[in-house]
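Topology and contacts: notes
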Amino acid sequence: MGAALTTSRRLRLLETAYAHGIRHFDTAPLYGQGEAESLLGRFSRGKRDSITITTKFGLTPRPIPAWFRPLIPTARALNRRLLIPYRQRRSAQQDQLNQGLKDDSNQLKIEVRPASIAAIETPLAPPVANGPSPPVEYSAAVLRDQIETSLRKLRTDHIDYYLLHECQASYLNQPFLEILEKLVQEGKIRHFGIGSGRWQSRCIINQYPTLPWVVQIPDGLTDHDTSWFSERSSQHLFTHSTLRLSLEKGRGSEQHVLALWAEITNQNPERPGLLGEVLLHAALTKNSLGCVIFSSGNPERIRSNAEILRAATAYRPAAEQLLDALIAAPASTPI
Ligand SMILES: NC(=O)c1ccc[n+]([C@@H]2O[C@H](COP(=O)([O-])OP(=O)(O)OC[C@H]3O[C@@H](n4cnc5c(N)ncnc54)[C@H](OP(=O)(O)O)[C@@H]3O)[C@@H](O)[C@H]2O)c1
């Protein structure tokens, strides 16, 4: 929804995903300034039984003042014509700058591997008693109100996966968790879980280990503790942002990853689009029992990503080799 597209184009993107076999859709009250749920509800008419939907609790868009509403179409058009091209130019300039820095002095090394390996083995400290307070009240009344709004916008009588959006352990309380379980019994939600960062999710799981959490986490190429989460998410592990994180974090490391992949698979490392494929294969291998989520405003990419998902099993041994190779060479690989 961030791509400033028209509603019909957004609906066509969802149709493209569906036509290519994608059957799970992730949304939230926050997304698209509150419009994403309604759009998904519109799209899912006649398809509801063949898809699963995730939506979330806890973050809502800031209300738009009444005086600004008539200006929204103009703001969107300006965004499309000026702001997005400007950001793209800035991003290209940054890439050039990074390339220069890398060529000059290799200054861009980002060493994340040793830290993430340590995170796998280090037991968590006991939960913090006083943490930050939540952006909305974690109470039965607010929860029921938000669920009813989401059900209405999604035009459905149940939500398959209901996640606590960017939740932290300090937000939770026993009565709130009991209501979540009650909502499952009532059939309004099928599963509940956490849609937060990796560290916050770990803290919540450790604090409430017996609850049947569904877990949804960002999963960059160099996050190597994904199996910790798949072992602990009772129904499903959803991973996301694999492309965004690795493409951003990995600036300068693309050639290294592509060279390793080319060596393992005998593919041409120069082939356009190969990096995205590699990242998706790695994410699918790390989360082979769960679900990998991506976003795209480009129908061709949606189609090709769906094909990658279909070929995932055949590429798993190669992706495992790639992940092992990246673990074996942490110091010299700026990822
Ligand atoms: N708390 C949470 O639960 C939480 C947090 C963050 C995200 N999410 C969910 O995860 C979804 C995905 O997250 P995300 O958008 O941050 O990350 P992502 O899907 O990893 O990255 C999206 C970006 O990757 C590009 N892309 C897509 N396919 C590509 C390919 N094959 N090769 C190269 N680039 C490709 C897209 O560009 P184009 O549009 O140009 O294709 C887009 O800019 C979100 O939409 C949201 O539903 C959930």
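Located above this text is the structure these notes cover.
Here's what I pulled together on the structure shown here. (Residues numbered from 1 in each chain as written. Predicted model: local features only at pLDDT ≥ 70, side-chain atom pairs only at ≥ 80, totals over all residues. Heavy atoms only, no water.)

1. Comments concerning the overall build of the protein
Tallying secondary structure elements over the protein gives 13 helices and seven strands in all. Within the protein, the fraction of its 335 residues that count as buried is 42%. Pairs at least 24 apart in sequence give 74% of the contacts found in the protein among residues at least 6 apart. Counting only carbon and sulfur atoms, one obtains 53% of the accessible surface of the protein, whose full area is about 17,500 Å². (Helix = DSSP H or I, 4+ residues; strand = E, 2+ residues; numbered from the N terminus. Buried < 20%, exposed > 50% of the residue type's maximum accessible area, 1.4 Å probe, protein only. Contact = heavy atoms within 4.5 Å. Areas by Shrake-Rupley, 256 points an atom, 1.4 Å probe, with all protein chains shown as cover.)

2. With respect to the environment of Leu-143
Inspection of the secondary structure puts Leu-143 in helix H5 (residues 140-154). Placed 40 residues apart in sequence, Leu-143 and Leu-183 show a C-alpha to C-alpha distance of 9.8 Å. Residue contacts for Leu-143: discarding those within four places in its chain leaves Phe-57, Tyr-162, Phe-176, Ile-179, Leu-180 and Leu-183.

3. Regarding the site of the ligand
Not every one of the 22 residues close to the ligand is listed here, only the nearest: Asp-26, Arg-244, Ser-295, Ser-296 and Gly-297. Separating an oxygen atom of the ligand from a side-chain N or O atom of Gln-216 is a distance of 3.0 Å. Interatomic distance of 3.0 Å between a side-chain N/O atom of Ser-241 and an oxygen atom of the ligand. In isolation the ligand has 910 Å² of accessible area, and contact with the protein removes 79% of it. (Near = heavy atom within 4 Å. Polar contact = N/O pair within 3.5 Å; in protein donor to acceptor, adjacent residues only side chain to side chain.)

4. Let's talk about the side chain of Arg-48
If you trace the backbone, Arg-48 turns up in the loop between helix H2 (36-43) and strand E2 (52-57). The class for Arg-48 is buried, based on a relative accessible area of 11%. Within the structure, the side chain of Arg-48 is placed 3.0 Å from the backbone oxygen of His-158, a separation counted as a polar contact.

5. Details of the sheet that holds E2
Read from one edge to the other, the open sheet built from seven strands follows the order E1-E2-E3-E4-E5-E6-E7, with strand pairing classed as parallel. In this open sheet, the two edge strands, each paired with only one partner strand, are strand E1 (24-26) and strand E7 (291-293). In this sheet, neighbouring strand axes are inclined to one another by 25° on average, regardless of whether the strands run parallel or antiparallel. Summarising the sheet, strand E6 (residues 237-240) and E7 pair through three bridges and their orientation is parallel. Each bridged residue has a counterpart across the sheet, and for Phe-238 the counterpart in E7 is Cys-291. Strands in contact with helix H6 (residues 174-186) are E2, strand E3 (159-165) and strand E4 (189-195); relative to E4, the strand with the most contacts, it is inclined by about 145°. (Pairing = 2+ DSSP bridges. Axes fitted to C-alpha atoms, helices over the stretch in contact; angles between N-to-C directions.)

6. Here's the deal with the nonpolar core
In globular proteins that are soluble, nonpolar side chains generally tend to be buried together. Core analysis: the largest hydrophobic core is formed by 70 residues, its most contacted members being Tyr-138, Leu-143, Leu-164, Leu-172, Leu-180 and Trp-213. Take this core: its biggest share by element is eight residues, from helix H11 (residues 274-286). Apart from residues lying up to four places away in sequence, Leu-180 is in contact with Leu-143, Tyr-162, Leu-164, Ile-189 and Phe-192. Membership of the second largest hydrophobic core comes to six residues, among which are Tyr-161, Leu-163, Phe-238 and Ile-293. (Core = buried A, V, L, I, M, F, W, Y, C linked by side-chain atoms within 4.5 Å.)

7. Examining H2
Among the eight residues in H2, six count as buried, and that is most of the element. Among the residues of H2, those classed as buried are Ala-36, Glu-37, Leu-39, Leu-40, Gly-41 and Phe-43. Buried-residue contacts for H2 involve helix H1 (7-19), E1, E2 and H5.

8. Considering helix H13 (residues 312-328)
End to end, H13 covers 23 Å across 17 residues, agreeing with the expected 24 Å (1.5 Å per residue, within 8%). Remark: the principal bend of H13, roughly 35°, maps to Ala-318. For H13, every residue scored as buried is listed here: Ala-312, Ala-318, Ala-319, Leu-322, Leu-323 and Leu-326. (Expected span 1.5 Å × (residues − 1). Bend = angle between axes of the 7 residues up to and from the residue.)

9. Brief notes about the environment of Gly-131
For Gly-131, the position within the fold is in the loop between helix H4 (113-121) and H5. Separated by 40 residues in the primary sequence, Gly-131 and Tyr-171 have C-alpha atoms spaced 7.8 Å apart.

10. Concerning the pattern of salt bridges
Evaluation of the coordinates by the stated rule reveals 15 salt bridges. For Arg-48, the salt bridge is made with Asp-160, and the minimal N-O distance between the two is 2.7 Å. Of this pair, Arg-48 sits in the loop between H2 and E2 while Asp-160 sits in strand E3, placing them 112 residues apart in sequence. Of the two residues, Arg-48 and Asp-160, neither departs from the other in class, the shared state being buried. Residues Arg-271 and Glu-277 are paired through a salt bridge, measuring 2.9 Å at the closest nitrogen-oxygen approach. The network of salt bridges with shared partners includes Arg-198, Arg-202, Asp-219, Asp-223, Asp-225 and Lys-286. (Salt bridge = Lys/Arg side-chain N within 4 Å of Asp/Glu carboxyl O.)

11. A look at the environment of Gly-290
Among the structural elements, Gly-290 can be located in the loop between H11 and E7. With 75 residues separating them along the chain, Gly-290 and Val-215 place their C-alpha atoms 9.8 Å apart. For Gly-290, the contacting residues outside a window of four places in its chain are His-236 and Leu-237.

12. Notes on unusual backbone geometry
Unusually for a residue other than glycine, Ser-241 sits at a positive phi of about 65°. With respect to the helices and strands, the residue Ser-241 is situated in the loop between E6 and helix H9 (242-249). Unusually for a residue other than glycine, Asn-266 sits at a positive phi of about 60°. Note on placement: Asn-266 falls in the loop between helix H10 (254-265) and H11. Asn-266 gets classed as exposed once you look at its relative accessible area, which sits at 71%.

Take it as geometry only, folks, not as evidence of what the structure does.
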